[in-house]
Every structure is written in C-alpha cells, then in structure tokens.
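# Architecture at a glance
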Amino acid sequence: MLKSRLSVLRPAGLLSPLPPVARAVAGRRLSDIPTAGADPRPLAGVKVLDLTRVLAGPFATMILGDLGAEVIKVERPGSGDDTRAWGPPFVAAESAYFLSVNRNKKSICVDLKHPRGANIIQELAGVCDVLVENYLPGKLEQMGLGYDQLSRGNPHLVYCSITGYGQTGPRCQSPGYDSIVSAVSGMMHITGPEDGEPVRPGVAMTDLATGLYAHGAIMAALLQRQRTGRGAHIDCNLLSSQVSCLSHIAANYLNAGQEARRWGTAHESIVPYQGFRTKDGHVVMGAGNDKQFIKVCQILDLMELTQEPQYKTNKLRVQNRKQLLRILSHRFLQETTVDWLRRFEGSGVPVGPINSMQDVFSDPQVKHNGLILQMEHPTAGRITVPGPAVRFSSFIHDDPAPPPVTGQHTTQVLRDLLSYSDDIITALQEAKAVA
C-alpha cells in the first residue's frame with residue numbers, strides 16, 4: 001500500500017525495506033552509534049517522533065530534547081499544536097504557554113488524515129528510535145500508525161502512548177484533561193483550604209507528572225533495547241500517574257482506612273509544618289522532628305512550649321494542633337517576613353517565603369541554577385522560559401534551539417531524513433498532505 005501511494009512521488013529505491021535489526025550493535029544501528037568527539041549529551045543521535053499536543057507529551061519530549069535527542073514535532077497544518085492559541089499572554093504572535101514546553105524541537109506539519117500524510121509518518125517512524133503520541137486508544141491504529149503496525153517495520157521502535165486513563169479499561173475512551181483527572185484521581189479533593197472548597201493546583205501537575213513518568217519510561221525502554229535489540233510499547237496515562245503520586249495519602253487510606261481531607265498549607269501528620277502569616281507576607285516553616293521543634297521555639301522566643309507535655313513529641317503536637325498553631329501564628333504576626341528569614345538562617349530548620357513570580361525569578365539561587373533560559377525566536381525575538389531542572393557534569397545546557405514556528409522544518413526533515421526531492425515535497429504541499 002505504501003509503495004502504491006507514493007511510487008509516483010518517490011525515486012526508485014527509497015521504498016526498500018528497512019535494514020535488518022540484525023545489523024545493530026546492542027540494539028542500535030551501526031550508523032547511530034556515537035563516535036569520539038560527538039555531542040556529549042546523553043541522547044545525542046536518538047531521533048524522537050513527537051505526535052503529542054498540549055502539555056504532558058510536549059513536556060516529556062522537551063526533556064528528551066534537552067538531553068540531546070532530535071525531536072520532530074508533528075503538527076496539524078494551519079493551526080498547529082492547540083496551545084499555540086492559548087493566551088494571552090502572547091509574545092508577538094506566539095503563545096507563552098506553547099513557548100514554555102517546546103524548545104529543542106523541529107516542527108513539521110503533516111495531515112495524518114491524508115493518505116500521503118499517514119505514509120510520511122510511517123516512513124519517519126521507520127527511521128526514528130522513539131515515537132510519542134497522545135491520541136485516544138485505537139485512533140492511530142485506524143490510520144495504520146499503531147504500535148503493532150509500525151513495529152513490524154521497525155522492531156527497535158520505542159512507542160510511548162500518553163492517554164487520560166490507559167489503553168484499556170472502562171474509561172479508556174474518555175478524553176484526558178488535567179483538571180478532570182486531577183478531580184477523578186483525588187488530587188483536587190486534598191487540595192485547598194482546610195474549611196473551603198476543592199481547588200485546582202496552580203499548575204497542571206497531573207499533566208506534568210505524566211510527562212515526567214513518560215520521559216523516565218522512554219529512557220528505561222531505550223536502556224532495555226540496548227540489551228534486547230527490541231523496542232516496546234509504553235502505556236502512560238494521567239490517571240495512573242496522579243494516583244501513584246498520592247503517595248502516603250493513598251497509603252493512609254489503603255492501610256488505615258483514613259479518608260483524606262484538605263489541610264491548606266498544613267501537613268496532616270507533622271506539626272508545625274505549614275504557612276504562617278507575618279507582618280507583611282507569609283513564611284512556610286516545618287519542624288520535621290523534635291529537635292527542630294525545640295529550635296523553632298528558641299528562634300520564636302517561646303521556649304516555654306518545650307516544657308509543655310502536650311508538645312513533647314510530634315504525635316502529641318498533631319493531637320494538640322489547634323492550640324499550638326494559635327500560639328505560633330500569633331508570634332509570626334509580630335515581625336516581617338525578612339526578619340523571620342534572618343532569624344531562621346543557619347538554624348537547620350527548613351523555612352522559606354511564599355514568593356510571587358517576580359520574587360521567584362529574582363531569587364539568586366534560581367538564577368544560579370540556570371532556571372532563567374533565554375533564546376532568540378525567529379518571529380518573537382528574545383524569549384525567556386524556565387530552564388532545565390537537572391544539570392550534568394558531562395555537558396552544559398547551552399545554546400538551546402527556540403520553540404519552532406508552525407511547519408518551520410517540514411522541508412528540512414523530509415529532505416534530510418526521508419531523502420525527498422524538492423519536486424516530491426512540492427507535490428505533497430500542493431496535495432495539502434504537508435505544509
């Protein structure tokens with residue numbers, strides 16, 4: 001079928017079968033093995049075909065790109081990724097949302113519903129190491145782009161599916177959106193003021209957690225492929241990611257039958273461990289053990305509390321939470337945030353202010369950690385986004401590629417990876433299979 005659809009557009013010889021995996025070294029093609037003096041980033045030479053949109057998938061593939069992978073982002077002709085329209089704010093015509101999670105990628109516009117467009121994806125999957133997608137289960141199979149179909153031509157392909165609820169099960173055909181799954185998973189139930197309504201977390205933590213799980217699973221599958229020479233299908237979904245992140249809250253219920261509740265900034269099992277209002281703002285302070293509680297009392301000039309039997313241990317402090325917190329809250333109101341931070345400095349007690357975005361990106365540690373990343377965008381000019389969270393001794397995250405404009409690299413990718421001629425690319429554009 002592939003030959004019949006593209007034979008008029010492709011030169012002879014380009015539709016020959018993929019080289020056998022038997023020529024691979026530890027699961028990698030000989031041509032892909034990095035050589036001395038090559039890019040030192042961990043994923044240099046790895047090609048990722050990115051069919052994802054919005055946040056969870058693009059966040060995962062951005063991390064792979066930061067680590068050196070060549071990420072080819074497939075977008076709809078015309079509108080592109082949904083988040084390109086999510087604003088304001090916009091930087092020139094570019095959505096700040098889109099810019100935040102799409103650096104180090106190449107954008108190609110392909111109409112997957114067009115037969116020739118689907119064939120292009122099949123061919124790209126044949127020369128890539130990883131494919132990441134976030135379509136409803138079964139949707140790509142209808143286009144001939146499912147794992148079983150693509151892995152027949154490329155057995156070493158790592159194929160990661162990101163969905164709302166998983167590949168199978170009673171909810172598998174439901175669309176997955178961060179806020180909905182945050183509610184279904186119980187995350188929203190435990191988030192918000194103690195006596196208030198459930199609250200959506202300030203950023204899409206369910207999406208972001210799923211992106212992190214997906215990135216880690218892809219890395220593990222690539223390592224496994226080094227041993228076996230074969231790829232794998234990864235089922236990553238928002239529900240499983242968020243429920244697994246319920247951590248001790250879930251364990252409290254599963255083992256002790258203890259239903260969760262909202263605690264605002266407080267911790268249900270540690271006291272004191274929460275935010276306190278100061279004369280001009282807020283600080284968050286936590287005493288994780290009895291020695292730290294004594295230190296807190298010393299800093300607050302409340303040493304008499306250390307002699308009270310009801311506050312001797314954390315268990316007792318949890319049981320007598322309300323009266324203790326009334327005393328501490330009254331004391332914190334008597335001085336400014338800066339004064340309290342100065343008092344706690346060097347004490348060994350964890351403490352910090354509740355920062356605005358302006359405060360965050362003025363923080364010297366944030367600057368030192370390289371978390372303010374600037375790039376020159378082809379249409380928006382100088383843009384700034386949060387930088388990579390992890391640093392390596394073996395390379396520096398310097399000179400990142402800015403997020404692409406829609407279809408910026410379509411011609412380049414078709415020419416360089418699939419050896420398409422200019423005439424073929426023009427024909428595909430005229431047929432509206434690509435843009």
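Residues numbered from 1 in each chain as written. Predicted model: local features only at pLDDT ≥ 70, side-chain atom pairs only at ≥ 80, totals over all residues. Heavy atoms only, no water.

## Some words on the overall build of the chain
Across its full length, the chain carries 17 helices and 13 strands. Seen through its C-alpha atoms, the chain measures out along the principal axes to roughly 90 × 45 × 45 Å. Taking all 435 residues of the chain together, the buried fraction comes to 46%. By sequence separation, contacts in the chain at least 24 residues apart represent 69% of the contacts at least 6 residues apart. (Helix = DSSP H or I, 4+ residues; strand = E, 2+ residues; numbered from the N terminus. Buried < 20%, exposed > 50% of the residue type's maximum accessible area, 1.4 Å probe, protein only. Contact = heavy atoms within 4.5 Å.)

## Remarks on the packing of helix α16 (residues 410-418) against helix α17 (residues 422-430)
With their axes 10 Å apart at the nearest point, α16 and α17 run at an angle of 135° to one another. Taken together, the axes of α16 and α17 are oblique relative to one another. Pair α16 / α17 crosses with right-handed handedness. Across the interface between the two elements, Thr411, Leu414 and Arg415 from α16 touch Asp422, Ile425, Leu428 and Gln429 from α17. Here the residues of the contact of α16 with α17 are counted per class, giving 3 nonpolar, 2 polar and 2 charged. (Axes fitted to C-alpha atoms, helices over the stretch in contact; angles between N-to-C directions. Parallel < 35°, antiparallel > 145°, perpendicular 65-115°, else oblique. Left-handed = near helix turned anticlockwise from the far one by under 90°. Nonpolar A, V, L, I, M, F, W, Y, C, P; charged D, E, K, R; others polar.)

## With respect to unusual backbone geometry
In this structure, Pro88 follows Gly87 across a cis peptide bond, with omega equal to 5°. Within the secondary structure layout, Pro88 lies in the loop between β2 (70-75) and β3 (90-91). Looking along the chain, the bond that leaves Val271 and enters Pro272 is cis, with omega of -5°. Of note, Ala92 is a non-glycine position whose phi angle comes to about 55°, a positive value. Here Ala92 lies in the loop between β3 and β4 (94-95). Overall, the relative accessible area of 58% leaves Ala92 in the exposed class.

## Points about the side chain of Lys105
With respect to the secondary-structure elements, Lys105 resides in strand β5 (residues 105-109). For Lys105, a relative accessible area of 3% corresponds to the buried category. A polar atom in the side chain of Lys105 sits 2.9 Å from the backbone oxygen of Pro58. In terms of polar contacts, Lys105 uses its side chain to reach the backbone carbonyl oxygen of Val101, at 3.1 Å. Beyond its immediate stretch of four places on either side in the chain, Lys105 contacts Asp50, Pro58, Thr61, Met62, Val71, Lys73, Pro404 and His409. (Polar contact = N/O pair within 3.5 Å; in protein donor to acceptor, adjacent residues only side chain to side chain.)

## Things to note about the sheet that holds strand β10 (residues 282-286)
The pairing of strands in a sheet comes from backbone hydrogen bonds and takes either a parallel or an antiparallel form. Strand order across the open sheet formed by 3 strands is β9-β10-β11, with antiparallel pairing between neighbours. Looking along the sheet, the strands with just one partner apiece sit at the ends: β9 (273-277) and β11 (351-353). Averaged over all neighbouring strand pairs, the angle between strand axes comes to 20°, with direction disregarded. In the sheet, β10 pairs with β11 via 3 bridges, with the strands oriented antiparallel. Its bridge partner being in β11, Val283 is matched across the sheet by Pro353. Each of β10 and β11 touches helix α13 (residues 337-344); the most contacted strand, β11, lies at about 160° to it. (Pairing = 2+ DSSP bridges.)

## Topic: the confidence of the model for the chain
Averaged over the chain, the pLDDT score is 91; the fraction of residues at 70 or greater is 91%. Note on residues 1-31: pLDDT is under 50 here. Beyond four places in sequence and across chains, it has 53 contacts. (pLDDT = per-residue confidence, 0-100.)

## Overview of the sheet that holds strand β8 (residues 232-237)
Strand order in the open sheet formed by 6 strands is β5-β2-β1-β6-β7-β8, with parallel pairing between adjacent strands. In the strand order of this sheet, the two ends are held by β5 and β8, each with one partner. Averaged over all neighbouring strand pairs, the angle between strand axes comes to 20°, with direction disregarded. Relative to strand β7 (residues 158-163), strand β6 (residues 130-133) is paired through 4 bridges, and the arrangement is parallel. Its bridge partner lying in β7, Glu133 is registered against Ser161.

## So, the nonpolar core
Judged by nonpolar contacts, the single largest core of 32 residues is most densely connected at Val48, Val130, Cys160, Ile162 and Ile218. The set of elements that each furnish at least two residues to this core consists of α2 (56-66), β6, β7, α7 (205-228) and β8. Looking at this core, the element that brings in the most residues is α2, giving 6 residues. Not counting residues within four places of it along the chain, the set of residues in contact with Val130 comprises Val46, Lys47, Val48, Leu49, Leu157, Val158, Ile218 and Leu222. Counting 31 residues, the second largest nonpolar core, distinct from the first, contains Ile120, Ile121, Tyr135 and Met143. (Core = buried A, V, L, I, M, F, W, Y, C linked by side-chain atoms within 4.5 Å.)

## Considering the pairing of strand β13 (residues 381-386)
Consecutive side chains along a regular strand alternate between the two faces of the sheet. By the bridge criterion, 6 bridges tie strand β12 (residues 372-377) to β13 in an arrangement that is antiparallel. Across the sheet, the residue bridging to Gln374 is Thr384, located in β13. Once β12 ends, the chain turns through 3 residues before running back antiparallel as β13.

## Things to note about the pairing of β5
Judged by how many residues are buried, β5 sits mostly within the fold: 4 of 5 residues are covered. The pairing of β2 with β5 spans 5 bridges and is classified as parallel. Pairing of Val74 across the sheet is with Ile108, part of β5.

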